[in-house]
Amino acid sequence: MDNLEQFIVEQCAAPLTAARQFQLLFKLFDWLEEYAELPAVHVPLSIQYGKIMRTIPFGKKMAIVYEVEEDIVYVHRIMPQSLIIF
């Protein structure tokens, strides 16, 4: 995550906007710590990954794809919502 933050600040054309998105991402991770099992299972992604996958919106156009195994949340991808088939 430190490398990602460094890349955002140094390489992005809008570092302040990117830094805000990074902070929003960490708030979402805190939310997932408590409520990870609330979003519904995403069946097409579950078939693709072979695991029970869930998605949650991030920002205006992105989504976080993750799974919950016992008490651990595994984030697999952060990707554009437009690439997720419902």
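Going by the structure above, here's the rest.
What this report covers is the structure whose coordinates are included nearby. (Residues numbered from 1 in each chain as written. Predicted model: local features only at pLDDT ≥ 70, side-chain atom pairs only at ≥ 80, totals over all residues. Heavy atoms only, no water.)

1. Topic: the overall build of the chain
Phase 1: Looking only at helices and strands, the chain has three helices and three strands in total.
Phase 2: Beginning at the N terminus, the succession of helices and strands in the chain can be written as α-α-α-β-β-β.
Phase 3: By its C-alpha atoms, the chain is 35 × 25 × 20 Å across when sized along the principal axes.
Phase 4: Long-range pairs, those at least 24 residues apart, make up 31% of the contacts in the chain between residues at least 6 apart in sequence.
Phase 5: With the model as given, the accessible surface of the chain reaches about 6400 Å², and the carbon-plus-sulfur share is 57%.
Phase 6: Of the charged side chains in the chain, 7 are positive and 11 negative, and the gap between their average positions amounts to 14 Å. (Helix = DSSP H or I, 4+ residues; strand = E, 2+ residues; numbered from the N terminus. Contact = heavy atoms within 4.5 Å. Areas by Shrake-Rupley, 256 points an atom, 1.4 Å probe, with all protein chains shown as cover. Lys, Arg positive; Asp, Glu negative; His and termini not counted. Charge placed at Lys NZ, Arg CZ, Asp CG, Glu CD.)

2. Considering the pattern of salt bridges
Phase 1: Summed over all chains, the structure comprises one salt bridge.
Phase 2: Its salt-bridge partner being E67, residue K51 comes within 3.4 Å of it at the nearest N-O pair. Placement of the pair is K51 in the loop between α3 (43-49) and β1 (53-58) and E67 in strand β2 (residues 62-69), with a sequence separation of 16 residues.
Phase 3: With a relative accessible area of 39%, K51 lands in the partly exposed category. (Salt bridge = Lys/Arg side-chain N within 4 Å of Asp/Glu carboxyl O. Buried < 20%, exposed > 50% of the residue type's maximum accessible area, 1.4 Å probe, protein only.)

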